[in-house]
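In case you want the letters, here they are:
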Amino acid sequence: IVILFLPACHIKTVDKHFSFPLEWEVQKSVWFGWSTDSAIQNVHLSMDQALNGQVGLTILSRSDSLLKVALKQLSERGIDTSNVVKFIHYIPNVFIRDAGPRFLKSGDEVAIADFAWNNYGYPSSFQNYQYSNERGQLDNTLAEQNNWKVITSDVVAEGGALDVSSNMLLCF
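Residues numbered from 1 in each chain as written. Predicted model: local features only at pLDDT ≥ 70, side-chain atom pairs only at ≥ 80, totals over all residues. Heavy atoms only, no water.

**Student:** Tell me about the nonpolar core, residues and numbers included.
**Tutor:** By size, the foremost hydrophobic cluster in this structure holds 12 residues: F32, W34, L45, L57, I59, L66, L67, A70, L71, L74, I79 and V84. Setting aside residues up to four positions removed in sequence, L66 forms contacts with W34, S35, T36 and S61. Counting residues in hydrophobic clusters, the runner-up holds nine residues, among them L60, F87, I96 and A143. (Core = buried A, V, L, I, M, F, W, Y, C linked by side-chain atoms within 4.5 Å. Buried < 20%, exposed > 50% of the residue type's maximum accessible area, 1.4 Å probe, protein only. Contact = heavy atoms within 4.5 Å.)

**Student:** Before we move on, could you go through the sheet that holds strand 6 (residues 149–156) and cite the residues and values that matter?
**Tutor:** One open sheet accounts for three strands, arranged 4-5-6; its pairing is mixed. Every other strand in the sheet has two partners, leaving strand 4 (103–106) and strand 6 as the edge strands with one partner each. Ignoring which end each strand starts from, the neighbouring axes of this sheet average 35° apart. Of the pairings in the sheet, the one linking strand 4 to strand 5 (residues 109–116) comprises four bridges and is antiparallel in character. Looking at strand 5, one finds that L104 is bridged to A111. (Pairing = 2+ DSSP bridges. Helix = DSSP H or I, 4+ residues; strand = E, 2+ residues; numbered from the N terminus. Axes fitted to C-alpha atoms, helices over the stretch in contact; angles between N-to-C directions.)

**Student:** Before we move on, can you summarise the sheet that holds strand 3 (residues 85–88) with the specific residues and values?
**Tutor:** In spatial order, the strands read 1-2-3; together these three strands make up an open sheet with parallel pairing. The open sheet terminates on both sides in strands that have one partner only, identified here as strand 1 (29–33) and strand 3. Taking each pair of neighbouring strands and ignoring which way they run, the sheet shows an average axis angle of 20°. Sheet analysis places strand 2 (residues 56–61) next to strand 3, joined by four bridges and oriented parallel. Considered in strand 3, the bridge of L60 is made with F87. The strands touched by helix 1 (residues 38–51) within the sheet are strand 1 and strand 2, with strand 1 carrying the most contacts at an inclination of about 170°.

**Student:** I'd love a proper account of the pairing of strand 5, names of residues and values included.
**Tutor:** Between strand 4 and strand 5, which pair antiparallel one after the other, the connecting turn spans two residues, and G107 there sits at a positive phi close to 65°. Where strand 5 and strand 6 come together, five bridges link them in parallel fashion. Bridge pairing in strand 6 links A113 to I151.

**Student:** Let's hear about the packing of aromatic side chains: which residues, and what values?
**Tutor:** Here the distance between the centres and the angle between the planes together describe a pair of aromatic rings. Under the definition given, this model contains five aromatic pairs. A ring pair is formed by F20 and F115, whose centres lie 6.3 Å apart and whose planes are at 5°; its orientation type is stacked. Placement of F20 in the segment before strand 1 and of F115 in strand 5 is noted, with a sequence separation of 95 residues between them. Ring geometry for W31 against F103: centres 5.6 Å apart, planes inclined by 45°, an arrangement best described as tilted. Taken as a pair, W31 in strand 1 and F103 in strand 4 lie far apart in primary sequence, 72 residues in all. W31 gets classed as buried once you look at its relative accessible area, which sits at 15%. (Phe/Tyr/Trp six-rings, centres within 6.5 Å; stacked < 30°, edge-to-face > 60°.)

What follows is the structure in structure tokens.
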């Protein structure tokens, strides 16, 4: 019988820990999904005015023509649009918290949280609108276009039901 005594080795692995930025932390930008509905546009414009100069603004629009409308309306309200970050994606996403993108961070590095999407539990034959079943692809597409790291989870999180504090992530 041979018995080997090997010294215990501690192997340190370096994995970056990505987490949601806390809602009260300084944010780089606030995202808005530009709508074709004038009532929603007015709400977004009022919010943009209130945030102007305090945080960056990012607009997600489903077309060039809608983006031009958004920029024109922002300019008319005295908002400098030269610093507005603009994204175009064919899937409408007026309510950003529903399908994302949802950002994670580790220091200065950002990643996208890719949650599962199941169209709010509705069967695939039922669609709220043309792209209902495809909305879960939005965050991955934007991540690919911008070389953002993607961290995938099987947890279904849609409908904007995420709240983050320093102690927990609440999904409801």
